[in-house]
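# Results of the structural survey
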Amino acid sequence: SDLYARPESKDRFLQGAFVAAGLKHPNIAEVWEFGEEDGRAWMATELVQCASLEERHSVGGPVPPRMAVAAMLDVLDGLAAIHG
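Attention in this report is confined to the structure presented alongside it. Along each chain, residues carry numbers from 1 onward, in the same order as the chain's sequence is written. Totals for whole chains, interfaces and linings use all residues, but because this is a predicted model, local features are given only for residues with pLDDT of at least 70 and pairs of side-chain atoms are given and counted only at 80 or more. Heavy atoms throughout the structure, all of them, feed into the side-chain values; hydrogens and water do not.

### With respect to unusual backbone geometry
Quick note on the threshold: Numbered from the N terminus, helices here are DSSP runs of H or I no shorter than four residues, and strands are runs of E no shorter than two.
Positioned with a positive phi, D38 is a non-glycine residue whose angle comes to about 50°. Along the chain, D38 turns up in the loop between β1 (31-37) and β2 (40-45).

So, in structure tokens, the structure goes:
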């Protein structure tokens, strides 16, 4: 079953997309469009190109603690903006 085909999940997804579309923050991918077609919810965002933590780890070994903390602070800053 498709998670976003269930009415309650789809409604929650679309509500989140609506909120995110109104945000402009350096740590949040910009939402350009969202909607529903054929009973399925969708969202189009900017493409954010960066290495995953797994890719960084496989190339350079463990991420230094300061870099990991800085990345997590960026994530938390973005979450705070969403929930604010």
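### Describing the side chain of K10
We apply this condition: Burial classification: accessible surface area is computed with a 1.4 Å probe over protein chains only, and a residue below 20% of its type maximum counts as buried, one above 50% as exposed, and the rest as partly exposed. Identification of polar contacts relies on pairs of N or O atoms within 3.5 Å, with a donor-acceptor requirement for protein atoms, meaning one able to donate a hydrogen and the other able to accept it, and with residues adjacent in sequence counted only if both atoms are side-chain atoms.
Locating K10 in the fold gives a position in helix α1 (residues 7-21). A residue is classified by how much of its surface remains accessible, and K10, at 11% relative accessible area, is buried. Here E36 takes part through its side chain, which lies 2.9 Å from a polar atom of the side chain of K10.

### Observations concerning the pairing of β1
Note the cut-off: Pairing between two strands requires that DSSP report at least two bridges joining them.
With six bridges connecting them, β1 and β2 associate as antiparallel partners. Residue pairing for β2: E33 is matched across the bridge by A44. Once β1 ends, the chain turns through two residues before running back antiparallel as β2, passing D38 with a positive phi of about 50°.

### Topic: the pattern of salt bridges
The test is simple: Every case where a carboxyl oxygen of Asp or Glu lies within 4 Å of a side-chain nitrogen of Lys or Arg is listed as a salt bridge.
Summed over the entire model, instances satisfying the criterion amount to two salt bridges. Across the pair E36 and K10 runs a salt bridge whose closest N-O atoms are separated by 2.9 Å. Pair noted here: E36 is in strand β1 and K10 is in helix α1, with a separation of 26 residues, a long-range link. By relative accessible area, which is 43% here, E36 ends up partly exposed. A salt bridge links E30 to K24, with the shortest nitrogen-to-oxygen separation between them at 3.3 Å. On the basis of relative accessible area, K24 is assigned to the exposed category, the value being 60%.

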